[in-house]
Amino acid sequence: MRVLPTTLLIGAAAASLRPAQQVLQTPTDVEDIDDIEFGYDGPLEDTYEIIIEEVYDEVPEVTDSIFEPLHELKEQLKSFTSEAQEVWEDMANMFPETLDDISFFSSPKKHTRRPDSHWDHIVRGSDVQSIWVENADGEKEREVGGKLDTYDLRVKAVDPSSLGVDPDVKQYSGYLDDNEEDKHLFYWFFESRNDPKNDPVVLWLNGGPGCSSLTGLFFELGPSAIGKKVKPIYNPYSWNSNASVIFLDQPVNVGFSYSGSSVSETSAAAKDVYALLTLFFKQFPEYATQDFHIAGESYAGHYIPSFASEILSHKKRNINLKSVLIGNGLTDGYTQYAHYRPMACGDGGYPAVVDESTCQSMDNALGRCQSMIQACYDSESAWTCVPASIYCNNALLGPYQRTGKNVYDVRTECEDGSLCYSGLQYISDYLNKPEVQQAVGAEVDNFDSCNFDINRNFLFHGDWMKPFHRLVPGILEEIPVLIYAGDADFICNWLGNKAWTDALEWTGHEEYAATQLQDLEIIDQKHKGKKIGQVKSSGNLTFMRLYGGGHMVPMDQPEASLEFFNRWIGGEWA
C-alpha cells in the first residue's frame, strides 16, 4: 500500500508531542503506530483528522496550543484537489529536500546581545581567512582552510573566584557568531588543573539532540557539580584534571546558544564547530600545538563522526585532532536497535525489565523496523527516515518506557519527568542566576537543560536514523576512535554499541571483530587490580564496556571514567 508522505509527516508530529523520558527524546506515546503510519490512504484532510483523534485518545493531556501548527496545516490540506494531492506525492518522492523547509515547532530564543566592549577579544574570521602563506613549493595558499569570513569569535576571561567553579584554573567563555546565518554558539573553556602548557585539549558535546553541554559540565565530568543548595561543589574526578576542556552548547537555541533561525540536522553544525575551533586556537595559539580530542555522549554518536570528518577534510588547519571518544552513543541504528530486546529482556547483564510476551512482541517488530531503517540508509531522505524513527521507537523503546523505568539506567525508576534526574533542575537554577550569566557573558533570557523544539526538528528532518557510522571508516584511516558504554544504560546500550563496532566495515574489520574483550583494571597503586570494565582494541578502533555505569558514565562511575579517559588521551590504546 502506498503511503502519502504528508501522512507520515503528520504522524511523526503527532507521535512526538509529549516529551519522552530520555535525552534522545524518542516519541513513544502512540502505541498503535501501525494504524497511524500505514492504515489510512484517503484524502489528506481525513487522514489528518483520524490521526489527531488517535493521538488525543492516547495522550488526552495534549493541549490545543501544541496542535495549533498542525491545525493550520489541516486547513491548507482541505483546499487540495485529488489531482493536487497526487502532484504533492510525486513531488515529495522526486524532491525530498523540500522537507528541509518544514519546521513545526521552533521559535527563536529571547536574547540581548552584549556590546563589543563587554568582551576581552573579538576574532574576525575574515581576518583569519585573509592570511596567506608560502608553501614548500613556493606557492601562496591560505594559512588555514575553510570558509571563515562570516564568523566572529567573542571571548571573555571568566573570573573564577566570582563563581567558585574551579577557582584556581584559567577560564574563558563567549560566543561563535555566524553573522550570515544569525547563529551564536556559546562555549565555556577550562584550563587543565595539571599542566596546561602540555596537556591536551578536549571538546565535550552532550546529545539530545537539543541538550546543553553545560549539563555535562555540572552533572558529569566538569570541575564542579551543582547541589541542592544551588552552589558549586568541587569535583575531584573532573576531566580537566589532566586536560583543558571546552564545553560547547550546540546546535543553536540549545543552552546559552541562540539564533533567529533553527538547525535541524547534524551536518549543519559541523562547519560551525570547525570555525569555532579554528578561531579559538588562533586567539590562543598556546593551546593549538597540544593534542586535541572530541568527546561526547548520546546523540554525539551522530555529531562526532560528522564534526571529525569536517575537521579532517581541511588539510590546512590549526586543529591538532588526535582522536574521538563516543560514550553511549547512537551511531548505527540498524544494528543498535536489534539490541533493545536483549537489553530489556535480561541479556545485558541485568534482570529483565519487561515480561516474556513483551519480549516476543519486540522480536516480532524488529524485522519491520530494520527494513525501514535500511530504506532510510539507502535514500537518506526524510520521507523514509522519519517513519523509521517513529515506528522503531514505538515498537522497541516504547515497551520499556511504559514500565516507568529509567531509560538511562535499568537499575532505577525514572524519578522526575522526561529526563529522569531531578538534579538537572539545580543546574538550570544555577545557570539562571543573573550573576552567573553576567560572569560568563550569557545573552539568552533563560537557560534550559534541553530544548525539545530542537529535538522535534531533528526528528522531522529524518536526522535520527541516518547512517553516521558510514563516516567512521574514513576517520579510522587517520585517527583512533574510542566507543565506550556504561553497561546499565538502556537507551544507547553497550550490547548495541559493541555490535555496531564489530559489524563496521573498515580496513581493520577482520582483526578487530576477532579480538576478544579483556578485563579493564585500574592501574594506580591505591586501587590496582580493581576491575572497572572490559576492553577490546585493534588498529585504530577500541570498544569499552564500563561496569555499573548508566547513560552518563562520568556521573555514575567518576573514578572509572577519569581512569579510562586519562589513559586514552595518554595514548595507551592508540
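Residues numbered from 1 in each chain as written. Predicted model: local features only at pLDDT ≥ 70, side-chain atom pairs only at ≥ 80, totals over all residues. Heavy atoms only, no water.

As recorded by an unreviewed UniProt entry, the protein carries the name Carboxypeptidase and is attributed to Talaromyces islandicus. The record in UniProt for the protein states the following under Function (unreviewed entry): "Vacuolar carboxypeptidase involved in degradation of small peptides. Digests preferentially peptides containing an aliphatic or hydrophobic residue in P1' position, as well as methionine, leucine or phenylalanine in P1 position of ester substrate." Per UniProt, the protein carries the Subcellular location (unreviewed entry) text "Vacuole". (UniProt positions renumbered as here; feature names shortened; annotations may be inferred.)

Draft legend 1. How the structure looks around the environment of Leu-541. Looking at the secondary structure, you find Leu-541 in strand S17 (residues 541-546). A residue is classified by how much of its surface remains accessible, and Leu-541, at 0% relative accessible area, is buried. Each C-alpha atom of the pair Leu-541 and Pro-473 lies 9.6 Å from the other, and the pair is 68 residues apart in sequence. In this structure, Leu-541 is in contact with Leu-476, Val-481, Ile-483, Thr-501, Trp-506, Tyr-512 and Lys-536, ignoring residues within four places of it in sequence. (Helix = DSSP H or I, 4+ residues; strand = E, 2+ residues; numbered from the N terminus. Buried < 20%, exposed > 50% of the residue type's maximum accessible area, 1.4 Å probe, protein only. Contact = heavy atoms within 4.5 Å.)

Draft legend 2. Structural view of the packing of helix H13 (residues 356-379) against helix H14 (residues 382-401). Contact geometry for H13 and H14: axes closest at 9 Å, N-to-C directions at 160°. It follows from the interaxial angle that H13 and H14 lie roughly antiparallel. The handedness of the crossing between H13 and H14 is left-handed. The segment H13 lies against H14, with Thr-358, Met-362, Ala-365, Leu-366, Arg-368, Cys-369, Met-372, Ile-373, Ala-375, Cys-376 and Ser-379 engaging Thr-384, Cys-385, Pro-387, Ala-388, Tyr-391, Cys-392, Ala-395, Leu-396 and Pro-399. Looking at side-chain class alone, the contact of H13 with H14 contains 16 nonpolar, three polar and one charged residues. (Axes fitted to C-alpha atoms, helices over the stretch in contact; angles between N-to-C directions. Parallel < 35°, antiparallel > 145°, perpendicular 65-115°, else oblique. Left-handed = near helix turned anticlockwise from the far one by under 90°. Nonpolar A, V, L, I, M, F, W, Y, C, P; charged D, E, K, R; others polar.)

Draft legend 3. A look at the state of the cysteines. One pass over the full model with this rule turns up five disulfides. The disulfide partner of Cys-369 is Cys-392, and the S-S distance across this bridge is 2.1 Å. Looking along the S-S bond of the Cys-369-Cys-392 disulfide, the torsion reads about 115°, which is the right-handed sense. Placement of Cys-369 in helix H13 and of Cys-392 in helix H14 is noted, with a sequence separation of 23 residues between them. The two residues Cys-369 and Cys-392 agree in class, both being buried. Each sulfur of the disulfide joining Cys-376 and Cys-385 lies 2.0 Å from the other. The chirality of the disulfide connecting Cys-376 with Cys-385 is right-handed, given an S-S dihedral of about 90°. Numbered by order of appearance in the sequence, the disulfide-linked cysteines of the protein pair as 1-10, 2-3, 4-7, 5-6, 8-9. (Disulfide = S-S within 2.5 Å.)

Draft legend 4. Examining the pattern of salt bridges more closely. Tallying each qualifying case throughout the model produces 24 salt bridges. One salt bridge connects Glu-563 with Arg-567, and the closest N-O pair in it is separated by 2.9 Å. Residue Glu-563 and its partner Arg-567 are located together in helix H22 (residues 558-569), separated by four residues, close to a single helical turn. The exposure classification of Glu-563 matches that of Arg-567, with both residues buried. (Salt bridge = Lys/Arg side-chain N within 4 Å of Asp/Glu carboxyl O.)

Draft legend 5. The arrangement of the pairing of strand S16 (residues 531-538) in detail. The buried fraction of S16 amounts to six of the eight residues, a majority that puts the element mostly inside the structure. Looking at chain direction, strand S15 (residues 518-521) and S16 are connected through four bridges and run antiparallel. Its bridge partner being in S16, Gln-518 is matched across the sheet by Val-535. Sheet topology note: the S16/S17 ladder contains six bridges and is antiparallel. Within S17, the position partnered with Gln-534 by the bridge is Arg-545. The antiparallel pairing of S16 with S17 creates a hairpin that spans two residues between the two strands, and Gly-539 there sits at a positive phi of about 60°. (Pairing = 2+ DSSP bridges.)

Draft legend 6. Region of the structure containing the confidence of the model for the protein. Mean pLDDT over the protein: 84, with 80% of residues reaching 70 or higher. In this model, residues 1-81 is a region of pLDDT below 50 whose contacts with residues beyond four sequence positions or in other chains number 186 contacts. Contacts of residues 83-92 to residues separated by more than four positions or lying in other chains number 14 contacts, the stretch itself having pLDDT below 50. (pLDDT = per-residue confidence, 0-100.)

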